[in-house]
Amino acid sequence: MTYLWVKWLHILSSTLLLGTGLGIAFFFWIAHRRGDAREIAATARTVVIADACFTAPAVLVQFATGLWLTELLHLPLTTFWIRAALFLFVLVGCCWLPVLWLQLRARNLAAAAAASGQPLPPAYRRIMRWWFWLGWPAFASVIAIFWLMVLKPSGLD
């Protein structure tokens, strides 16, 4: 019974990660494309809160339940699909951590521009380019992790 509960938590946290990640990216990108500093600042405030309330806890639950499942199933971490998933998980983290900082910077720059009635500064556009391009490898890696979890390919074990 423990296995089923841990598996349920693992699936739930992975769904939350993907869903929240896509939702955050969509709403933040739409606000950015509209170019209104007030809208960007408001959306970015919500994005930062969503990452703190949903994404960060889901990352921790995902990692912990994944390790717990390997223990319950007596699977070595050297198993190809587990090793590949862990590598991709770290890659996602390496993209996501800078994205968190970029979201905070974008929020602050947009809020300052809105408060002063000035246009968004060039630094804001640079930050959003980085945010956009870091999102793609993270998203592709999450999709690849889902693929690995479902198919469990043997690889070159």
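The structure we're discussing is the one just above.
Being a predicted model, the structure only gives us computed values, none of them experimental. (Residues numbered from 1 in each chain as written. Predicted model: local features only at pLDDT ≥ 70, side-chain atom pairs only at ≥ 80, totals over all residues. Heavy atoms only, no water.)

Q: Sorry if this is basic, but what is going on with the packing of aromatic side chains here?
A: The geometry of two aromatic rings is summed up by the distance between their centres and the angle between their planes. All chains considered together, the criterion is met by 8 aromatic pairs. Measuring from centroid to centroid gives 5.6 Å for Phe63 and Phe89, while their planes differ by 20 degrees, and the two rings are stacked. Linking Phe63 in helix H2 (residues 37–72) with Phe89 in helix H3 (residues 80–116), this pair joins segments that are 26 residues apart in sequence. Its relative accessible area of 22% is what places Phe89 among the partly exposed residues. Ring centres of Phe132 and Trp136 lie 5.9 Å apart, and the angle between their planes is 75 degrees; on these two criteria the pair is classed as edge-to-face. Linking Phe132 with Trp136, this pair stays in helix H4 (residues 122–151), spanning 4 residues, or about one helical turn. Residue classification places Phe132 among the partly exposed residues on the basis of a relative accessible area of 24%. Taking relative accessible area as the criterion, Trp136 reaches 46% and is therefore assigned partly exposed. Feature note: the residues Phe28, Trp29, Trp131, Phe132, Trp133 and Trp136 constitute an aromatic cluster, connected by ring pairs. One cation-aromatic arrangement involves Lys152 over Trp81; the distance from NZ or CZ to the ring centre is 5.0 Å. (Phe/Tyr/Trp six-rings, centres within 6.5 Å; stacked < 30°, edge-to-face > 60°. Helix = DSSP H or I, 4+ residues; strand = E, 2+ residues; numbered from the N terminus. Buried < 20%, exposed > 50% of the residue type's maximum accessible area, 1.4 Å probe, protein only. Lys NZ or Arg CZ within 6 Å of the ring centre and 35° of its normal.)

Q: So what exactly am I meant to see when it comes to the side chain of Thr70 here?
A: Along the chain, Thr70 falls in helix H2. Judged by relative accessible area, Thr70 falls into the buried class, the value being 12%. Within the structure, the side chain of Thr70 is placed 2.6 Å from the backbone oxygen of Leu67, a separation counted as a polar contact. Setting aside anything within four residues of it in sequence, one finds Thr70 in contact with Leu75, Leu77 and Ile82. (Polar contact = N/O pair within 3.5 Å; in protein donor to acceptor, adjacent residues only side chain to side chain. Contact = heavy atoms within 4.5 Å.)

Q: Help me understand the pattern of salt bridges, please; the structure alone is not making it clear to me.
A: Opposite charge on two side chains lets them pair, provided their charged atoms get close. Under the criterion given, the structure shown has 2 salt bridges. The salt bridge involving Arg34 is made with Glu39; its shortest N-O contact spans 2.8 Å. Asp36 is the salt-bridge partner of Arg38, the closest N and O atoms lying 3.3 Å from each other. (Salt bridge = Lys/Arg side-chain N within 4 Å of Asp/Glu carboxyl O.)

Q: Please clarify how the nonpolar core should be interpreted in this entry.
A: As a rule of thumb, soluble globular proteins bury nonpolar side chains together. Counting 26 residues, the largest nonpolar core has Phe28, Ile40, Ala106, Leu120, Tyr124, Met128 and Trp131 as its most contacted members. Breaking this core down by element, the ones donating at least two residues are helix H1 (2–34), H2, H3 and H4. Look past the residues within four positions of Trp131 in its chain and what remains in contact with it is Ala25, Phe28, Trp29, Val99, Leu102 and Gln103. Ile82, Ala85, Leu88 and Leu148 belong to the second-largest nonpolar core, a separate cluster that totals 7 residues. (Core = buried A, V, L, I, M, F, W, Y, C linked by side-chain atoms within 4.5 Å.)

Q: Even after reading the chapter, I still don't get the layout of surface pockets, so can you show me in this structure?
A: The gaps left among the atoms become clear once a water-sized probe is rolled over them. For the largest pocket, the calculated volume is near 1,400 Å³. For the largest pocket, the lining is made up of 50 residues, of which Leu17, Leu18, Val92, Ala138 and Val142 are closest to its centre. The set of elements that each furnish at least two residues to the lining of the largest pocket consists of H1, H2, H3 and H4. Ranked by residues supplied to the lining of the largest pocket, first place goes to H1 with 14 residues. (1 Å grid on protein atoms, 1.4 Å probe; cavity = no way out; pocket = protein on both sides within 12 Å on 5 of 7 lines; lining within 4 Å. Points joined across faces, edges and corners; volume = space filled by probe spheres on them.)

Q: For this particular structure, what's the right way to read H1?
A: Given 3.6 residues per turn, any residue in an α-helix points the same way as the ones three and four places further on. Spanning 33 residues, H1 covers 48 Å between terminal C-alpha atoms, matching the ideal 48 Å at 1.5 Å per step. Those residues of H1 lying buried are Val6, His10, Ser13, Ser14, Leu17, Thr20, Ile24, Phe28, Ala31 and His32. Of the residues flanking the end of H1, it is Gly35, one or two places downstream, whose phi is positive at about 80 degrees. (Expected span 1.5 Å × (residues − 1).)

Q: Would you take a moment to explain H4 for this structure?
A: Its 30 residues place the ends of H4 44 Å apart at the C-alpha level, agreeing with the 44 Å of an ideal helix rising 1.5 Å per residue. Considered for burial, the residues of H4 that qualify are Ala123, Tyr124, Ile127, Met128, Trp131, Leu134, Ala138, Ser141, Val142, Ile145 and Leu148. Those residues of H4 that are buried lie in contact with H1, H2 and H3.

Note that all results are geometric; they support no functional claim without further evidence.
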